[in-house]
Amino acid sequence: QVQLVESGGGLVQAGDSLRLSCEASGRTSSLNVMGWFRQAPGKEREFVAAISRFGGSTDYAESVKGRFAISRDNAKNTVYLQMNSVKPEDTAVYFCAARSGTYTRKDQASYGFWGQGTQVTVSS
């Protein structure tokens, strides 16, 4: 059993920075790749970023490249999403996800574990 709990969401202004955290508990030894997805109102959930177990490989959606950075601290079983220069279109519920496989993936179906999400709202 794995639990993922996100935190750090909130209301920010365009251009601000925000850092999301996701702490894993339970059978964390089975978690290799950690990722972030987001779902805006009326839209489907989409991939944001992913990171391999030891951080050697990262992947980002084109819309966030150069602005967001994913990192992890395995000693704390925590993955982070540093969001810089946020835009109103970044407004969404952000979900943490994890998969047992070795390689980063952009499709939701590859991730077997999900958090409940944290709301990020960016005002213009």
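Residues numbered from 1 in each chain as written. Predicted model: local features only at pLDDT ≥ 70, side-chain atom pairs only at ≥ 80, totals over all residues. Heavy atoms only, no water.

Here we take up the overall build of the chain. Within the chain one finds zero helices and 11 strands. Ordered by position from N to C terminus, the α and β elements of the chain give β-β-β-β-β-β-β-β-β-β-β. For the chain, whose C-alpha radius of gyration is 13 Å, the value lies close to the compact-globule estimate of 14 Å for 124 residues. Summarising its shape, the C-alpha atoms of the chain cover approximately 40 × 30 × 25 Å along the three principal directions. Once local pairs closer than 6 in sequence are excluded, the contacts in the chain between residues at least 24 apart make up 59%. Accessible surface, the chain as shown: approximately 6,300 Å² in total, 45% of it carbon and sulfur. For the chain, the separation between the mean place of its 14 positive charges and that of its 11 negative charges on side chains is 5 Å. (Helix = DSSP H or I, 4+ residues; strand = E, 2+ residues; numbered from the N terminus. Rg over C-alpha atoms; globule rule 2.2 N^0.38 Å. Contact = heavy atoms within 4.5 Å. Areas by Shrake-Rupley, 256 points an atom, 1.4 Å probe, with all protein chains shown as cover. Lys, Arg positive; Asp, Glu negative; His and termini not counted. Charge placed at Lys NZ, Arg CZ, Asp CG, Glu CD.)

Within the structure shown, the criterion is met by one disulfide. The partner cysteine of cysteine 22 in its disulfide is cysteine 96, sulfur to sulfur 2.1 Å. Every disulfide takes its handedness from the sign of the S-S torsion; for cysteine 22 and cysteine 96 that torsion is -80°, giving left-handed. On the criterion of sequence distance, the pair formed by cysteine 22 in strand β3 (residues 18–26) and cysteine 96 in strand β9 (residues 92–99) is long-range, its members being 74 residues apart. Side by side, cysteine 22 and cysteine 96 carry an identical accessibility label, which is buried. (Disulfide = S-S within 2.5 Å. Buried < 20%, exposed > 50% of the residue type's maximum accessible area, 1.4 Å probe, protein only.)

Another aspect to go through is the side chain of serine 52. Structurally, serine 52 can be placed in the loop between β5 (46–51) and β6 (58–60). According to the relative accessible area criterion, serine 52 is buried, its value standing at 11%. A polar side-chain atom of serine 52 sits 3.2 Å from the main-chain amide nitrogen of glycine 56. The residues touching serine 52, leaving out its near neighbours within four places in the chain, are Asn32, Val33, Ser57, Arg72, Thr102 and Thr104. (Polar contact = N/O pair within 3.5 Å; in protein donor to acceptor, adjacent residues only side chain to side chain.)

What follows is about unusual backbone geometry. Working note: non-glycine residues mostly have negative phi, and peptide bonds are mostly trans. A positive phi angle, near 55°, is found at asparagine 77, a position not held by glycine. Position of asparagine 77 among the secondary structure elements: in the loop between β7 (68–73) and β8 (78–83). By relative accessible area, asparagine 77 is classed as partly exposed at 33%. Located in the positive-phi region is serine 85, a residue other than glycine, with phi close to 50°. Within the secondary structure, serine 85 sits in the loop between β8 and β9.

Let us now look at the sheet that holds β7. Where strands meet in a sheet, backbone hydrogen bonds hold them as pairs that are either parallel or antiparallel. Ordered in space as β1-β3-β8-β7, the four strands form an open sheet in which the pairing is antiparallel. Each edge of the open sheet is held by one strand with a lone partner, namely β1 (2–7) and β7. Each strand axis lies, on average, 15° off the axis of its neighbour in the sheet, ignoring direction. (Pairing = 2+ DSSP bridges. Axes fitted to C-alpha atoms, helices over the stretch in contact; angles between N-to-C directions.)

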